[in-house]
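# Summary of the model geometry
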Amino acid sequence: MQIALFQPDIPQNTGTILRLCACLGFAAHIIEPAGFPFSDRLFRRAGMDYLDHVSVTRHDSWSKFEDWRAGQGSRLLLFTTKAATDYRDFRYQNSDILLFGRESAGVTDAVVEAADARLVIPIKAGLRSLNVAMAAAMAAGEALRQIRNAEEGLRREI
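Computed from a predicted model, the values in this text were never measured in an experiment. (Residues numbered from 1 in each chain as written. Predicted model: local features only at pLDDT ≥ 70, side-chain atom pairs only at ≥ 80, totals over all residues. Heavy atoms only, no water.)

### Things to note about helix H3 (residues 62-72)
Inspection of H3 places Trp62, Phe65 and Arg69 among the buried residues, and these make up the whole buried set. The buried residues of H3 occupy one face: seen down the axis, they fall within an arc of 60°. For H3, the exposed residues set more than 90 degrees away from the buried face come down to Asp67, Ala70 and Gly71. Those residues of H3 that are buried lie in contact with strand S1 (2-6), strand S2 (27-31), strand S3 (56-59), strand S4 (76-79), strand S6 (97-100) and helix H4 (109-114). Trailing H3 by a residue or two, Gly73 shows a phi angle of about 75°, which is positive. (Buried < 20%, exposed > 50% of the residue type's maximum accessible area, 1.4 Å probe, protein only. Helix = DSSP H or I, 4+ residues; strand = E, 2+ residues; numbered from the N terminus. Arc of directions from axis to C-beta. Contact = heavy atoms within 4.5 Å.)

Rendered as structure tokens:
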């Protein structure tokens, strides 16, 4: 499983998500341009020493990320407040890429169109959105729960 961040603009959120990836064994992708330099001290502080334990690939642009993804054959799952499918109702696979948009602006129409699925984390009416790092943690947790349960079910059948 992998997490991709589309043009992130808050270094603390990116650092927190990379720490999450390190702890869960997820690969991480940063789709440039990011709104901060990778050497930013706030970014390093949020990721702490966990950044040495995560595989991070930086893609210069959306098109270069898509070229890379085409070679992988992975599904792209976009988490967005503009989706209709509840993230808990979706069936995840080990090869999925969980994609999260820019904190200030989300993603472009081209990204929306390229997604294999658009998923929403339902929140209380009248509120805009969750923090992107919180959303990534919730999505990763649900995906891992489903995959673990499916793998345990297969072991019981054998």
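### Overview of a nonpolar patch on the surface
Taken together, Ile123, Leu127, Leu130, Met134 and Met138 make up a surface patch of nonpolar side chains, about 440 Å² in accessible area. The residue Met134 is located in helix H5 (residues 132-157) in this model. With relative accessibility at 51%, the residue Met134 sits in the exposed group. (Patch = residues over 30% accessible without salt bridge, like charges linked within 9 Å, V, L, I, M, F, W, Y side chains within 5 Å. Areas by Shrake-Rupley, 256 points an atom, 1.4 Å probe, with all protein chains shown as cover. Salt bridge = Lys/Arg side-chain N within 4 Å of Asp/Glu carboxyl O.)

### Notes on helix H1 (residues 11-24)
Along its 14 residues, H1 runs 20 Å from first to last C-alpha, staying within 8% of the 20 Å computed at 1.5 Å per residue. Along H1, the residues that are buried comprise Pro11, Asn13, Thr14, Gly15, Ile17, Leu18, Leu20, Cys21 and Ala22. The first or second residue beyond H1 is Gly25, which carries a positive phi of 80°. (Expected span 1.5 Å × (residues − 1).)

### What to know about the UniProt feature "binding site: S-adenosyl-L-methionine" (unreviewed entry) in the protein chain
Within this numbering scheme, the UniProt entry marks Gly101, Ile121 and Ser129 as carrying the feature "binding site: S-adenosyl-L-methionine" (unreviewed entry). Spanning 29 residues, the named residues nonetheless gather at one spot, since no C-alpha pair among them exceeds 13.7 Å. Within the fold, Gly101 resides in the loop between S6 and H4. Accessibility expressed as a relative area gives 15% for Gly101, which makes it buried. For Gly101, the contacting residues outside a window of four places in its chain are Phe6, Gly106, Val107 and Val132. The residues touching Ile121, leaving out its near neighbours within four places in the chain, are Phe79, Tyr87, Leu130, Ala135 and Met138. (UniProt positions renumbered as here; feature names shortened; annotations may be inferred.)

### A short note on the pattern of salt bridges
Under the definition given, this model contains 8 salt bridges. Put simply, Arg58 and Glu32 hold a salt bridge, and the shortest N to O gap is 3.0 Å. Residue Arg58 is found in strand S3, and its partner Glu32 is found in the loop between S2 and helix H2 (41-47); the two are separated by 26 residues along the sequence. Residue Arg58 is classed as partly exposed on the basis of its relative accessible area of 47%. With a shortest N-O distance of 2.7 Å, Glu66 and Arg69 are connected by a salt bridge. On the criterion of helical spacing, the pair formed by Glu66 and Arg69 is a turn pair, its members being 3 residues apart in helix H3. By relative accessible area, Arg69 is classed as buried at 10%. Among the charged side chains, a network of salt bridges with common partners joins Glu66, Arg69 and Asp116.

### A word on the sheet that holds S6
Taken in spatial order, the 7 strands line up as S3-S2-S1-S6-S4-S7-S5 in an open sheet, and their pairing is parallel. Strands at the two margins of the open sheet, each flanked by one partner only, are S3 and strand S5 (85-86). With 5 bridges connecting them, S1 and S2 associate as parallel partners. Within the sheet, the bridge partner assigned to Phe6 lies in S2 and is Ile31. (Pairing = 2+ DSSP bridges.)

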